[in-house]
Amino acid sequence: MTDGTPLTPKEIVNKLDEYIIGQHDAKRFVAVALRNRWRRQQVEPPLRDEIAPKNIIMIGPTGVGKTEIARRLANLAQSPFLKIEASKFTEVGYVGRDVESMIRDLTELAINMVKKEAGEKVEIKAARQAEERILDLLLPPLAPASKNTASNPVPMDIPEVAPDSTREKFRQMLHKGKFDDKIVEMDVQQPQQMPMVEIFSNTGMDDVGSSMKDMFGKIFPKKNQRRKLKVCEALEILKHEEAEKLIEMDKVTELAIRRTEQSGIVFLDEIDKIASRQGVSQSGEISREGVQRDLLPIVEGSTVTTKYGMVRTDHILFIASGAFHLCKPSDLVPELQGRFPIRVELDALGKEEFFRILTEPQNALVKQYIALIATEGIELTFEDDAIREIAKMAAEVNDRTENIGARRLHTIMERMLEELSFAAPDMEEKTFLVTADYVRQQLAEVAENEDLSRYIL
């Protein structure tokens, strides 16, 4: 979104195009799903509740952009977004993460997001209050002569003067940074130390631990430690403390739960890892099916208990992805298949796509290596033919060995530039040109030997 205005599907695709080459169908489906988050909110309440999100399965080999689409989508969504591997879950009754934990994680992300937004709204007021507290430290009120002033020490190098006549002068000096290196003494809140407690449970260990920490945080008061700090450091700590006081956590929690329920997005990666393979009946296959059946009510719509309250999953958007090399989407339990009505297949990548991946995106690998070598004072440049040679070798190695998509470019680039990266700090020559001949020379032995390619590239 830009300036609070939701992005159109076309704008979302254009944003994704800046980082991801090809895969237009996947981008379009994801863009429409993201836009539908906003469209649903514009519908009147009776019908709004009936409009369920159209969950998506992205199918394609590794390294073609499935995870990258999800990662970039997180930056555009401006809603609670969680990416998690489906293979991390275990069937209820086994040691590991239960499927409900992803909703708790999503809610936690929403709490942090809303809290940050609330903090930005009170930032100016918190800064003003922190400034007044710093001025109180810099300019403590004069104590009567008969009393001992040791309990309220005057900061080092600060003259003891009448505050009424100098507070505004001190404020101006503070704004100009003249007190930044002065030392003040103040109480700083210390992190809560949770007592050591052993908990025996099969599932939800992370959630139990978090709840225990909150409970002990309410029982045991926060401890303060007297510390000497520079004024610039003390000011930042006080701003944080004042912002915490101004944020109404009840409202934050209420808004975060509503945002999780109405616009939350969960990206389930490696969903093929929990699919049962046809014709195979082993204990592992039974466990995978158990995870699917545990996942089913979450995707269908249920209520999950979190430490912040009850969260309904009816309108959370689920986007799943998997390579499906050894199985296919139809190997998922039928009920779960039905909850992912949109299926999009991502294309395999060839040398032409590799060339574009190396040069076009804002975070292109060639641009990354040029920037890295520039830190050594060396100007690194690539001929077009050299980049095409790299793309060609990546495609050939993928064909001969395991096809890992664009990830092959990382291993080839690192191998090809290893000698330069090692020698760069000691080089006298401050320019380096990568040619097609240099690429072939650096990779000749590895690229030609299939066994070496398999283990090195």
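Going by the structure above, here's the rest.
Remember, it's a predicted structure, so these values are computed and weren't measured experimentally. The numbering scheme is per chain: residues are counted from 1 as the chain's sequence reads. For a predicted model such as this one, the threshold for reporting local features is a pLDDT of at least 70, and the threshold for listing and counting side-chain atom pairs is 80 or more; totals across whole chains, interfaces and linings nevertheless cover every residue. Excluded from the side-chain calculations are hydrogens and water; all other atoms, namely the structure's heavy atoms, are used.

## Notes on the overall build of the chain
A tally of regular secondary structure across the chain gives 19 helices and 11 strands. To sort residues, take the accessible area from a 1.4 Å probe on protein chains only and compare it with the maximum for the residue type: under 20% means buried, over 50% means exposed, and anything in between is partly exposed. Scored against the burial criterion, the 457 residues of the chain give a buried share of 41%. Contacts are assigned to residue pairs with any non-hydrogen atoms lying within 4.5 Å of each other. Residue pairs in contact within the chain that sit at least 24 positions apart in sequence constitute 77% of those at least 6 positions apart. The Shrake-Rupley method, run with a 1.4 Å probe, gives the accessible areas here. Residue values count only the displayed protein chains as cover. Carbon together with sulfur atoms contributes 51% to the accessible area of the chain, which is approximately 25,500 Å² in total. Under the DSSP-based scheme used, a helix requires at least four consecutive residues in state H or I and a strand at least two consecutive residues in state E, with every element numbered from the N terminus.

## Observations regarding the packing of aromatic side chains
Pairs were defined over the aromatic rings of Phe, Tyr and Trp, the Trp ring being its six-membered one, requiring ring centres within 6.5 Å. Orientation was assigned from the angle between planes: stacked under 30 degrees, edge-to-face over 60, tilted for the rest. Tallied over the full model, the rule gives 2 aromatic pairs. Centre to centre, the rings of Phe-432 and Tyr-438 are 5.3 Å apart; their planes meet at 80°, and the pair counts as edge-to-face. The same class applies to Phe-432 and to Tyr-438, which are both buried. Its guanidinium or amino end placed over the ring of Tyr-19, Arg-72 lies 3.8 Å from that ring's centre, counting from NZ or CZ. Geometrically, a lysine NZ or arginine CZ counts as sitting over a ring once it is within 6 Å of the ring centre and also within 35 degrees of the ring normal.

## Considering the layout of surface pockets
The pocket and cavity definitions rest on a 1 Å grid over protein atoms only: a 1.4 Å probe that fits but cannot leave marks a cavity, an open set with protein on both sides within 12 Å along at least five of seven lines marks a pocket, and residues lining either have an atom within 4 Å of a point. Grid points are joined across faces, edges and corners, and a volume is the space filled by probe spheres set on the points. In this structure, the second largest pocket spans a volume of roughly 670 Å³. Lining the second largest pocket are 30 residues, with Gly-63, Gly-65, Glu-68, Ala-406 and Arg-407 positioned closest to its centre. At the level of elements, helix H4 (66–77), strand E8 (317–322), helix H14 (365–374) and helix H16 (407–416) are the ones that each hand at least two residues to the lining of the second largest pocket. Take the lining of the second largest pocket: its biggest share by element is 4 residues, from H4. Its residues assigned to classes, the lining of the second largest pocket shows 13 nonpolar, 9 polar and 8 charged. Under the convention adopted here, Pro, Cys and the residues Ala, Val, Leu, Ile, Met, Phe, Trp and Tyr are nonpolar, Asp, Glu, Lys and Arg are charged, and Gly plus all remaining residues are polar.

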